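As a plain string of letters, each chain reads:
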Amino acid sequence: MRSEGPHKETSRLAGIPLSIFIITRNEADRLPRTLEAAKALSEDIVVVDSGSTDGTVDLAKAMGARVIHNDWPGYGPQKRFAEDQCRHTWLLNLDADEWMPPELVAEIRVLFAGEGPVADAYALRIAEVFPGEDAPHPFAYALPPVRLYRKDRGRYSASPVHDRVDLQPGVKTARLKGIVHHFSVRSIGDPADIEKLADILVNAERPAILFGQQVWAARGQDEAIALIRGLDIPGYFNGASRGLLPPGDPHHFDRTRTLAFSKADVVVIIGTPFDFRM
């Protein structure tokens, strides 16, 4: 009986020519959920680890992934290395803190049924899920990058910073309906997350701080202005221009956010509810 389990699973997935790859470093707490969903789609799951010390490697192996060590060269090069380890032409990239709900898994299975995908690359909506939530809020911050694609039609950029798939000219693309759940923040106030954000801000070429309506509600305008002057960083205030829209209006925030994002490469947002406008 014990020998039949893996055989049945491999047989069930034999018709899906799809490899799934994930890059990791110290993701033992978040990786199991990601791998469990991935196992429902592929028998070729590749984990490229850059030196975990928390048991990530052993966990991934125990869950059936092929684990390969590669010293960290940057985001793009690491994902290109992972692409080269995959056995199939069709690739799906997930991060260790991303999870595919059952409806997205089912959608991808249907995509590969019959004659297979009609496009060469598919964008997936990836939506933030914050601590205390089980699913993205309807207004959660989300991006639709290409994550499911043929590796003979596109590859990850070689940039060590930018995390995107560069497609060949003329490649046919489409978008899936399902949403990837992105559990990027382990907890509010996690020292590791704060340190990571601080490093990103310090190393940014054009950083900025965006202040939400809660700064006004707490009467913290003076402290906010002192902060940006002390750091010598541009600041954008939702509600600073008292017009037809009140400070808490989402349209007002969207205009302010758009302005900040158009001017800066990294934006730190302060005083905005996580479950509404991120």
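To start, this report covers the structure provided alongside it. (Residues numbered from 1 in each chain as written. Predicted model: local features only at pLDDT ≥ 70, side-chain atom pairs only at ≥ 80, totals over all residues. Heavy atoms only, no water.)

One finds Leu18, Leu35, Leu92, Met100, Ile108 and Leu148 to be the most contacted residues of the largest nonpolar core, which totals 31 residues. At the level of secondary structure, the elements contributing two or more residues to this core comprise β1 (18-24), α2 (31-38), β2 (44-49), β4 (90-93), α5 (102-111), β6 (121-128) and β11 (173-182). Apart from residues no more than four positions distant in its own chain, methionine 100 is found in contact with Ala37, Ala38, Leu41, Leu92, Leu94, Val105 and Ile108. One finds Phe21, Val48, Val146 and Val171 within the second-largest nonpolar core, a separate group that totals 13 residues. (Core = buried A, V, L, I, M, F, W, Y, C linked by side-chain atoms within 4.5 Å. Buried < 20%, exposed > 50% of the residue type's maximum accessible area, 1.4 Å probe, protein only. Helix = DSSP H or I, 4+ residues; strand = E, 2+ residues; numbered from the N terminus. Contact = heavy atoms within 4.5 Å.)

Another aspect to go through is α5. Buried within α5 we find Leu104, Val105, Ile108 and Leu111. Angular distribution of buried residues about the axis of α5 spans 120°; they occupy a single face of the element. Of the exposed residues in α5, those oriented more than 90 degrees away from the buried face are Pro102, Glu103 and Val110. On its buried face, α5 sits against β1, α2, β4, β6, β8 (146-150) and β11. (Arc of directions from axis to C-beta.)

Burial of β8 is extensive: four of the five residues sit out of reach of the surface. Where β4 and β8 come together, three bridges link them in antiparallel fashion. Considered in β8, the bridge of leucine 92 is made with leucine 148. Relative to β8, β6 is paired through three bridges, and the arrangement is antiparallel. When the sheet's bridge partners are listed, tyrosine 122 is paired in β8 with leucine 148. (Pairing = 2+ DSSP bridges.)

The subject of this paragraph is the pattern of salt bridges. Evaluation of the coordinates by the stated rule reveals 14 salt bridges. Residues arginine 155 and aspartate 84 are paired through a salt bridge, measuring 3.0 Å at the closest nitrogen-oxygen approach. Taken as a pair, arginine 155 in strand β9 (residues 154-156) and aspartate 84 in helix α4 (residues 75-85) lie far apart in primary sequence, 71 residues in all. Judged by its relative accessible area of 24%, arginine 155 falls in the partly exposed class. With relative accessibility at 52%, the residue aspartate 84 sits in the exposed group. The salt bridge partner of arginine 147 is aspartate 95, with a shortest N-O separation of 3.7 Å. Placement of arginine 147 in strand β8 and of aspartate 95 in the loop between β4 and β5 (98-99) is noted, with a sequence separation of 52 residues between them. In this pair, the class of arginine 147 matches that of aspartate 95, namely buried. (Salt bridge = Lys/Arg side-chain N within 4 Å of Asp/Glu carboxyl O.)

Looking now at the packing of aromatic side chains. Taken as a whole and judged by the stated rule, the model has five aromatic pairs. Seen from their ring centres, tryptophan 72 and tyrosine 75 are 4.9 Å apart, and the 90° between their planes marks the pair as edge-to-face. Assessed through its relative accessible area of 41%, tyrosine 75 is described here as partly exposed. Relative to tyrosine 122, the ring of tryptophan 90 has its centre 6.2 Å away and its plane inclined at 40°; by these criteria the two rings are tilted. Here tyrosine 122 lies in strand β6 and tryptophan 90 lies in strand β4, a separation of 32 residues in the sequence. Overall, tryptophan 90 belongs to the buried group, its relative accessible area being 7%. (Phe/Tyr/Trp six-rings, centres within 6.5 Å; stacked < 30°, edge-to-face > 60°.)

With that out of the way, let us pick up the environment of histidine 182. Along the chain, histidine 182 falls in strand β11. You can call histidine 182 buried: its relative accessible area is 14%. In the structure, histidine 182 is positioned 57 residues away from arginine 125 in sequence and 9.9 Å away in space, judged by C-alpha atoms. With residues near it in sequence (within four places) discarded, histidine 182 still touches Asp97, Glu98, Ile126, Ala127, Glu128 and Val129. Polar side-chain contacts of histidine 182 include one of 3.1 Å to the side chain of aspartate 97. A polar side-chain atom of histidine 182 sits 3.1 Å from a polar atom in the side chain of glutamate 128. (Polar contact = N/O pair within 3.5 Å; in protein donor to acceptor, adjacent residues only side chain to side chain.)

Looking now at the sheet that holds strand β14 (residues 266-270). The three strands lie next to each other as β13-β12-β14, forming an open sheet whose pairing is parallel. Whereas interior strands pair on both sides, the edge strands pair on one side only; in this sheet they are β13 (235-237) and β14. Across the sheet, the mean angle separating the axes of adjacent strands is 20° when strand polarity is ignored. Pairing of strand β12 (residues 207-211) with β14 involves five bridges; the strand directions are parallel. Following the sheet pairing, alanine 208 is matched in β14 by valine 267. (Axes fitted to C-alpha atoms, helices over the stretch in contact; angles between N-to-C directions.)

In short, the description is geometric, and any link to function would need to be established separately.
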